[in-house]
Amino acid sequence: MISYRDFVPEHVDGVMAICRAEGWPSYIEDPGLTARALTAPGIKSVVALDEGTVAGFATAGGDGAIQAYLILIGVQEGYRHRGIGTRLVEEVHRRTGARRMDLLSTEGADKFYETFPYARKLPGYRIYPGAAQPSADV
Ligand SMILES: CC(C)(COP(=O)(O)OP(=O)(O)OC[C@H]1O[C@@H](n2cnc3c(N)ncnc32)[C@H](O)[C@@H]1OP(=O)(O)O)[C@@H](O)C(=O)NCCC(=O)NCCS
């Protein structure tokens, strides 16, 4: 029986195991950093628990009213195709309090997202820190 709970730092090893299996390097550098990312102000993170095992997780952030963004979702391979990913999307979306939730991009999970009511969006931009080139006429 799977239960859905707010992420707490005790879940970080289970979350990192999923990230490691998926090859998501930013989330496996440092447990403290990953736990901070999943509990930051405005961020909602949910885990799917099978007894003590983290079977999956999802994290999202937003304005708490209108717009949310799905940041990351992963389900351990042995737990897939049991509706856990769908429920994680629903649970994390509900916790954001937003009307809608966008996803920047996906590599290979299109068929999963297309099982939800959705509108296709064009690929966006990932912006890194650093000074923009100043415009000559500012
Ligand atoms: C995408 C993912 C979260 C789906 O989790 P899940 O628990 O298997 O999802 P569900 O069981 O709720 O799937 C619901 C439906 O979505 C579709 N679906 C899910 N994963 C799919 C896949 N890899 N390929 C095609 N369709 C898929 C199927 O229609 C599925 O229904 P079915 O199992 O009856 O065929 C999981 O496969 C995963 O962690 N993948 C690796 C990480 C990843 O790609 N994350 C998304 C990054 S943007």
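In case you missed it, the structure is sitting above this.
The structure presented is a predicted model; accordingly, all values stated were derived computationally and were not measured.

A.B. asks: Got a minute to help me understand the layout of surface pockets in this structure?
C.D. replies: Empty space among the atoms becomes visible once a probe the size of a water molecule is rolled across them. Here the largest pocket is characterised by a volume of approximately 2100 Å³. As for the largest pocket, its lining consists of 49 residues, and the residues nearest its centre are Leu-70, Leu-103, Ser-105, Thr-106 and Tyr-113. No other element matches strand β4 (residues 67-75), which puts 8 residues into the lining of the largest pocket. A breakdown of the residues in the lining of the largest pocket according to their chemical character gives 24 nonpolar, 13 polar and 12 charged.

A.B. asks: For this particular structure, what's the right way to read the site of the ligand?
C.D. replies: With respect to spatial proximity, 19 residues lie near the ligand, and among them Val-75, His-81, Gly-83, Gly-85 and Thr-86 are the closest. Within the backbone of Ile-73, a nitrogen or oxygen atom sits 2.9 Å from a nitrogen atom of the ligand. Taking Thr-86, its side chain carries an N or O atom lying 2.5 Å from an oxygen atom of the ligand. Burial of the ligand by the protein chains amounts to 71% of its free accessible area of 890 Å².

A.B. asks: Sorry if this is basic, but what is going on with the environment of Phe-116 here?
C.D. replies: Summarising the element assignment, Phe-116 is placed in the segment after α4 (110-113). For Phe-116, a relative accessible area of 16% puts it in the buried group. Along the backbone, Phe-116 and Met-101 are 15 residues apart, and their C-alpha atoms lie at a distance of 11 Å. Leave out the neighbours within four places in its chain, and Phe-116 touches Thr-86 and Val-89.

A.B. asks: Quick question: what am I supposed to make of the pattern of salt bridges here?
C.D. replies: Once their charged atoms are close, side chains differing in charge can pair, the charge on each being opposite to the other. For the coordinates displayed, the defined rule picks out 7 salt bridges. For Glu-22, the salt bridge goes to Arg-80, with nearest N and O atoms at 2.6 Å. With Glu-22 in helix α1 (residues 12-22) and Arg-80 in the loop between β4 and α3 (84-96), this residue pair connects regions lying 58 residues apart in the sequence. Here Glu-91 ties to Arg-87 by a salt bridge, and the two come within 2.8 Å at their closest N and O atoms. Taken together, the residues span about one helical turn, with Glu-91 and Arg-87 both in helix α3 at a distance of 4 residues. Shared partners join several salt bridges into a network, and the residues in it are Asp-6, Arg-87, Glu-91, Arg-94 and Arg-95.

Procedures and definitions
- Residues numbered from 1 in each chain as written.
- Predicted model: local features only at pLDDT ≥ 70, side-chain atom pairs only at ≥ 80, totals over all residues.
- Heavy atoms only, no water.
- 1 Å grid on protein atoms, 1.4 Å probe; cavity = no way out; pocket = protein on both sides within 12 Å on 5 of 7 lines; lining within 4 Å.
- Points joined across faces, edges and corners; volume = space filled by probe spheres on them.
- Helix = DSSP H or I, 4+ residues; strand = E, 2+ residues; numbered from the N terminus.
- Nonpolar A, V, L, I, M, F, W, Y, C, P; charged D, E, K, R; others polar.
- Near = heavy atom within 4 Å.
- Polar contact = N/O pair within 3.5 Å; in protein donor to acceptor, adjacent residues only side chain to side chain.
- Areas by Shrake-Rupley, 256 points an atom, 1.4 Å probe, with all protein chains shown as cover.
- Buried < 20%, exposed > 50% of the residue type's maximum accessible area, 1.4 Å probe, protein only.
- Contact = heavy atoms within 4.5 Å.
- Salt bridge = Lys/Arg side-chain N within 4 Å of Asp/Glu carboxyl O.

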